[in-house]
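# Reading the structure
Here is what each chain is made of, one letter per residue.
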Amino acid sequence: MPRRTDFVAEELREWIGWLHLLRPVPDGDDLDFIYEVFSTRSSIGAHYEMTGRRVGEWDDDRVAVALEFYRAVMREKSPVTFAAPERFEKDFIAFRRIALPFGDETGITHILAHLSELPIAGAGHREPVRLDLETIQIVLRGA
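Residues numbered from 1 in each chain as written. Predicted model: local features only at pLDDT ≥ 70, side-chain atom pairs only at ≥ 80, totals over all residues. Heavy atoms only, no water.

L22, F33, Y35, V55, Y70 and I111 are the most contacted members of the largest nonpolar core, which totals 22 residues. Those elements that place two or more of their residues in this core are strand 2 (30-37), helix 2 (63-76), strand 3 (80-88) and strand 5 (107-118). Here this core takes 8 residues from helix 2, the largest share from any one element. Setting aside anything within four residues of it in sequence, one finds V55 in contact with L22, D32, F33, Y35, V63, A66, L67 and Y70. (Core = buried A, V, L, I, M, F, W, Y, C linked by side-chain atoms within 4.5 Å. Buried < 20%, exposed > 50% of the residue type's maximum accessible area, 1.4 Å probe, protein only. Helix = DSSP H or I, 4+ residues; strand = E, 2+ residues; numbered from the N terminus. Contact = heavy atoms within 4.5 Å.)

This part covers the pattern of salt bridges. Under the criterion given, the structure shown has 4 salt bridges. A salt bridge links E36 to R23, with the nearest nitrogen and oxygen atoms 2.6 Å apart. Within this pair, whereas E36 is found in strand 2, its partner R23 is found in strand 1 (residues 19-27), the two being separated by 13 residues in sequence. The exposure class of R23 is partly exposed, given its relative accessible area of 31%. For the salt bridge of R71 with D30, the shortest nitrogen-to-oxygen distance reads 3.3 Å. In this pair, R71 sits in helix 2 while D30 sits in strand 2, placing the two residues 41 residues apart along the sequence. Here R71 falls in the buried class, since its relative accessible area comes to 18%. A relative accessible area of 39% places D30 in the partly exposed class. (Salt bridge = Lys/Arg side-chain N within 4 Å of Asp/Glu carboxyl O.)

A separate point is unusual backbone geometry. Phi is positive for K77, which is not a glycine, with a value near 50°. Note that K77 resides in the loop between helix 2 and strand 3. Classification of K77 by relative accessible area gives exposed; the value is 57%.

The structure is reproduced here in C-alpha cells:
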C-alpha cells in the first residue's frame, strides 16, 4: 500500500476536480470517513461542501452506498471499484468510482477516491469489487 505522502497533489492535476481524500474514523462498531478533501465537482453539483465532515453526515440518499464503498476498501485492503447510475441534481448520471487505500505499518490511514462519468448503459448497479488485474481489464474494455 502506498503512503499518502507518496502522492503530490500537483501530479494529480488532471483529475483533481473529481478526487476525494478521506480518513477512516471509528463510528461505534463500524467505520465512518472524514472528507479531508471533498471534490470540487461534487461540491458544485451538490451545492454544499463536505470537506472536514463525515460521510455519515452527508444529507443525501447515496450516503449508504458511499459508506459501503469506503468500508469495502478497508475490508479488502486493496483498490476497489464500483459503478452505478445515481441521481445527480435533477438527472441520473452514472459514475465509476475507484478508491485507492493509503497506509503505513498501522494499517489504512487514508483513501483516495476518483469519480468519472460513464454512459448510463455502462453502469449496472454493482457491489464494490476488489480492483485486481482481471477487473482492470474489464473496466478498460468497457471504457
